[in-house]
Amino acid sequence: MLSGGPPPRPPTQDQMYGPAGQGGQHFFRYSQCNGKKKALCIGINYAGQNGELKGCINDAVNMRNFLCRRHGYRQEDIVMLRDDSKNPMEKPTRANILRAMEWLVRDARPDDALFFHYSGHGGQTKDLDGDEDDGYDEVIYPLDFEQSGHIVDDLMHDVMVKPLPPGCRLTAIFDSCHSGTALDLPYVYSTEGKIKEPNLLAEAGQEVLSAVTSYARGDMMGVFRGAMGLVKTATGNSNKASKVAKATKTSPADAISFSGCKDSQTSADTQEAGQATGAMSYAFITALERNPQQSFQQLLVSVREILRAKYSQKPQVSVSLYCTVPLLNLS
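Residues numbered from 1 in each chain as written. Predicted model: local features only at pLDDT ≥ 70, side-chain atom pairs only at ≥ 80, totals over all residues. Heavy atoms only, no water.

Enquirer: How would you sum up the state of the cysteines? Please name residues and give values.
Expert: Under the defined criterion, the tally for this structure stands at 0 disulfides. Take Cys-33: it sits in no disulfide, and the sulfur closest to it among the cysteines is that of Cys-168, at 8.6 Å. Cys-33 sits in the buried class, given a relative accessible area of 1%. For Cys-177, which is in no disulfide, the shortest distance to another cysteine sulfur is to Cys-261 and amounts to 5.9 Å. Taking the relative accessible area as the measure of exposure, Cys-177 reaches 16% and is therefore buried. (Disulfide = S-S within 2.5 Å. Buried < 20%, exposed > 50% of the residue type's maximum accessible area, 1.4 Å probe, protein only.)

Enquirer: Describe the pattern of salt bridges, listing the residues and the values that go with them.
Expert: With the rule as written, the count across this model stands at 11 salt bridges. Residues Glu-52 and Lys-54 are paired through a salt bridge, measuring 3.9 Å at the closest nitrogen-oxygen approach. Accessibility expressed as a relative area gives 56% for Lys-54, which makes it exposed. Linking Glu-76 and Arg-74 is a salt bridge whose minimum nitrogen-to-oxygen distance equals 3.5 Å. Through salt bridges with shared partners, a single ionic network connects Arg-69, Arg-70 and Glu-289. (Salt bridge = Lys/Arg side-chain N within 4 Å of Asp/Glu carboxyl O.)

Enquirer: Outline helix α2 (residues 94-105), listing residues and values.
Expert: For α2, spanning 12 residues, the distance from its first C-alpha to its last is 17 Å, which sits close to the expected 16 Å at 1.5 Å a residue. Taken residue by residue, α2 has Asn-96, Ile-97, Leu-98, Ala-100, Met-101, Leu-104 and Val-105 as its buried positions. (Helix = DSSP H or I, 4+ residues; strand = E, 2+ residues; numbered from the N terminus. Expected span 1.5 Å × (residues − 1).)

Enquirer: Mind laying out the nonpolar core, listing which residues take part and the relevant values?
Expert: Membership of the largest hydrophobic core comes to 35 residues, with the highest contact counts inside it found for Phe-115, Phe-258 and Phe-284. With near-sequence residues (within four places) excluded, Phe-284 lies in contact with Met-63, Phe-66, Phe-115, Ile-173, Phe-258, Leu-299 and Val-303. In terms of nonpolar packing, the next biggest core, distinct from the first, is built from 34 residues, Met-101, Ile-151, Val-161 and Leu-183 among them. (Core = buried A, V, L, I, M, F, W, Y, C linked by side-chain atoms within 4.5 Å. Contact = heavy atoms within 4.5 Å.)

Encoded structure:
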């Protein structure tokens, strides 16, 4: 438990975002989360496919129940997509996922509290618009990805973040591999509550380590990617990508995303408390059951502490605004 009492509620007055001297500052509002509540929970086990998972449907059900039990969401305002559904409209196909994402943000208003949860496979693909530090976009894999393709982070941002008005909260949870910036929110926070900026020296060291590790495993594609990442770091492309992301993906909406791992990591499909589950979904719910009154920064620390003993993945938190980490208030 955290000492010092609960964090204060978000301020009601207009706030400013955007670093001074970089195109000026703009106004936004925190959501008071006392308006409409809607949620979309997606769990894909890929039954019968290569790479079948065990805990993703459980994750979606557990998250829905948690939202209803603890945060005032109603089941009739939550859309569930799961691959064991008998209803073809509730299957997590690419078309159904995008349709449900559009439903989630439709008619969004200030002070609404929208919630998105995805548990399934994630991956990466080559970045085509120059907004990724590592040169790769993050993707999620629908049930029918072999026929219809993946869903890239740029598209998820366009569908779920861009339409939101100032003062509307979107909380997103990605329990999937390579999900660090899966919603393309441009400001990634550390556990100290500071915005992470590109560190060229550290990035170069990581690329060298990645290439050496890949070579030791006989993974020549990994060697190539590590070498290309080193070239991009040396030429300053990481800083360029960061500037592009902040210029094109900063939003006045109150959007925040928790991910199960860094963009370069995988997330565990595991067993906890006798049930198949995603490690991130389990840790997120467990942390808030233990202490529902946490800021986003405190919650990031809590989730990492739960996972640290058994897993190497490091959950991330990213936001749409250049500001102090907003306060957790799902209810």
